[in-house]
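Each chain is listed here by its residues.
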Amino acid sequence: MKNPHVAQKEPYEFEAIEGETYFWCSCGLSDDQPLCDDTHEGMDFEPVEFKTNKNKTVWLCGCKHTKNPPFCDGSHNDL
């Protein structure tokens, strides 16, 4: 698979907890969207690690084409 699968054409609203480490799915095939479930194994995709310094809502990319992974940058509007 050369390009990521578009999991959805809008961001995922995600409640991040301070100090927790998360792994965003970059391939788009995880059954645990927007987080990685290791479906990418054997492909050229790797999950993107992120954490926050406070509890907050973040908007994670659902189309997997963001230029600012794991966060939505509006790239889904161009698909």
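Whatever comes next refers back to the structure up there.
In what follows, the accompanying structure is described. (Residues numbered from 1 in each chain as written. Predicted model: local features only at pLDDT ≥ 70, side-chain atom pairs only at ≥ 80, totals over all residues. Heavy atoms only, no water.)

Some details on the packing of aromatic side chains
Considering all chains together, one arrives at four aromatic pairs under this definition. An angle of 70° between the planes, with centres 6.2 Å apart, marks the rings of Phe 14 and Phe 50 as edge-to-face. Of the two residues, Phe 14 sits in strand β1 (residues 12-16) while Phe 50 sits in strand β3 (residues 48-50), which places them 36 residues apart along the sequence. As far as burial versus exposure is concerned, Phe 14 and Phe 50 are alike and both buried. (Phe/Tyr/Trp six-rings, centres within 6.5 Å; stacked < 30°, edge-to-face > 60°. Helix = DSSP H or I, 4+ residues; strand = E, 2+ residues; numbered from the N terminus. Buried < 20%, exposed > 50% of the residue type's maximum accessible area, 1.4 Å probe, protein only.)

Concerning the nonpolar core
Listed in full, the eleven residues of the largest apolar core are Tyr 12, Phe 14, Ala 16, Tyr 22, Trp 24, Leu 35, Phe 50, Val 58, Leu 60, Cys 61 and Cys 63. Taken together, the elements giving at least two residues each to this core come down to β1, β2 (22-24) and β4 (56-60). Broken down by element, the residue count for this core peaks at three residues, all from β1. Excluding residues within four positions of it along the chain, Phe 14 makes contact with Tyr 22, Pro 34, Leu 35, Phe 50, Lys 56, Thr 57, Val 58 and Leu 60. (Core = buried A, V, L, I, M, F, W, Y, C linked by side-chain atoms within 4.5 Å. Contact = heavy atoms within 4.5 Å.)

Thoughts on a negative patch on the surface
Where like charges cluster on the molecular surface, the negative patch consists of Asp 38, Glu 41, Asp 44 and Glu 46. For Asp 44, the location among the structural elements is in the loop between β2 and β3. (Patch = residues over 30% accessible without salt bridge, like charges linked within 9 Å, V, L, I, M, F, W, Y side chains within 5 Å. Areas by Shrake-Rupley, 256 points an atom, 1.4 Å probe, with all protein chains shown as cover. Salt bridge = Lys/Arg side-chain N within 4 Å of Asp/Glu carboxyl O. Lys, Arg positive; Asp, Glu negative; His and termini not counted. Charge placed at Lys NZ, Arg CZ, Asp CG, Glu CD.)

Describing the environment of Thr 66
Here Thr 66 is to be found in the segment after β4. Separated by ten residues in the primary sequence, Thr 66 and His 76 place their C-alpha atoms 7.9 Å from one another. A distance of 3.0 Å separates a polar atom in the side chain of Thr 66 from the backbone nitrogen of Asn 68. Of the polar contacts made by the side chain of Thr 66, one reaches the side chain of Asp 73; its length is 3.4 Å. (Polar contact = N/O pair within 3.5 Å; in protein donor to acceptor, adjacent residues only side chain to side chain.)

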